[in-house]
Amino acid sequence: MAPSVPRTCAAAALRMKQIALDNQDRTIRRLRAQLATERRGLAATKKELEETRVALEASHKAIAGLTEIGLSMSKKIEKMKVKQQLTKANHAECHQKFQARIHEAEDSMQAQHLLIEALVDEKDSLLQTIHGLQEANNAPAPFDGEWEEEPEEEEIEDITLGEGEIDDE
């Protein structure tokens with residue numbers, strides 16, 4: 001019973017490390033999915049910002065055109081200037097909000113990237129520990145995810161039976 005106890009402990013330790021690796025793999029996949037979602041959200045936010053910018057530029061051009069045409073309509077021009085100032089203020093506010101959201105998303109992505117790197121480093125460390133434990137216990141290496149191609153079987157030529165030989169078929 002005594003010789004099997006260290007092997008059982010080692011096997012349990014290996015299993016626990018494998019479970020930890022599996023958990024880290026799931027965490028990495030989940031974080032990568034979150035990162036992809038954040039990136040899609042960031043792209044959508046940038047697209048919204050660009051659409052707002054284009055719309056604002058179009059609005060500014062329309063205001064400038066009305067100003068040139070409407071010199072005789074000073075009251076309307078004043079109203080348009082007020083509207084233009086409000087649009088600029090709204091644009092500045094929107095721009096600041098979008099910049100803040102973009103900055104938050106970039107910070108989040110950077111933090112997730114660092115976390116993923118740390119998890120990958122930890123995974124490598126755990127794999128090295130597992131390999132070390134396996135070598136210490138003379139255990140076979142775990143499946144590394146790459147399949148070995150089996151050689152194709154060569155066709156066996158039919159050999160004619162000689163005299164006195166028995167055909168099993």
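Residues numbered from 1 in each chain as written. Predicted model: local features only at pLDDT ≥ 70, side-chain atom pairs only at ≥ 80, totals over all residues. Heavy atoms only, no water.

As annotated in an unreviewed UniProt entry, the chain is Wall-associated receptor kinase 1-like from Dorcoceras hygrometricum.

Draft legend 1. Representation of the overall build of the chain. A count of helical and extended segments in the chain gives two helices and zero strands. Residue pairs at least 24 apart in sequence account for 81% of intrachain contacts in the chain once pairs closer than 6 positions are excluded. Accessible surface computed for the chain: about 14,000 Å², of which carbon and sulfur atoms make up 55%. (Helix = DSSP H or I, 4+ residues; strand = E, 2+ residues; numbered from the N terminus. Contact = heavy atoms within 4.5 Å. Areas by Shrake-Rupley, 256 points an atom, 1.4 Å probe, with all protein chains shown as cover.)

Draft legend 2. The arrangement of the pattern of salt bridges in detail. For the structure shown, the criterion picks out four salt bridges. Its salt-bridge partner being Asp25, residue Lys123 comes within 3.2 Å of it at the nearest N-O pair. You can see Lys123 sitting in helix H2 (residues 74–136) and its partner Asp25 sitting in helix H1 (residues 4–69), a full 98 residues away along the chain. Residue Glu57 pairs with Arg53 through a salt bridge whose shortest N-O separation is 2.2 Å. A residue pair is termed a helical-turn pair when its members lie 3 or 4 positions apart in one helix, as Glu57 and Arg53 do in helix H1 at four residues. Residue classification places Arg53 among the partly exposed positions, given a relative accessible area of 32%. In the salt-bridge network here, residues are joined through shared partners; they are Glu50, Arg53 and Glu57. (Salt bridge = Lys/Arg side-chain N within 4 Å of Asp/Glu carboxyl O. Buried < 20%, exposed > 50% of the residue type's maximum accessible area, 1.4 Å probe, protein only.)

Draft legend 3. Main features of the side chain of Gln24. Mapped onto the elements, Gln24 comes out in helix H1. If near-sequence neighbours (up to four positions away) are discounted, Gln24 is found in contact with Leu119, Glu122, Lys123 and Leu126.

Draft legend 4. Main features of the nonpolar core. Residues Leu35, Leu42, Leu49, Phe98, Ile102, Ala105 and Met109 constitute the largest nonpolar core, which totals seven residues. Of all the secondary-structure elements, those providing two or more residues to this core are H1 and H2. Among the elements that line this core, the one with the most residues is H2, at four residues. Beyond its immediate chain neighbours, meaning those up to four positions away, Leu49 contacts His95, Phe98, Gln99 and Ile102. (Core = buried A, V, L, I, M, F, W, Y, C linked by side-chain atoms within 4.5 Å.)

Draft legend 5. Local environment of H2. The terminal C-alpha atoms of H2 lie 91 Å apart, and with 63 residues this matches the ideal 93 Å at 1.5 Å per residue to within 8%. Among the residues of H2, Ile77, Gln84, Phe98, Ile102, Ala105, Met109, Gln112, Ile116, Leu119, Leu126, Ile130 and Gln134 are the ones counted as buried. Once H2 finishes, Asn138 follows within two positions and takes phi at roughly 55 degrees, a positive value. (Expected span 1.5 Å × (residues − 1).)

Draft legend 6. The arrangement of a negative patch on the surface in detail. The grouping of Glu117, Asp121, Glu122 and Asp124 at the surface amounts to a negative patch. Assignment of secondary structure puts Glu117 in helix H2. (Patch = residues over 30% accessible without salt bridge, like charges linked within 9 Å, V, L, I, M, F, W, Y side chains within 5 Å. Lys, Arg positive; Asp, Glu negative; His and termini not counted. Charge placed at Lys NZ, Arg CZ, Asp CG, Glu CD.)

Draft legend 7. Representation of the environment of Asp25. Among the residues examined, Asp25 registers a relative accessible area of 22% and is labelled partly exposed. On a C-alpha basis, the gap between Asp25 and Leu119 in space is 8.5 Å, while along the polypeptide they are 94 residues apart.

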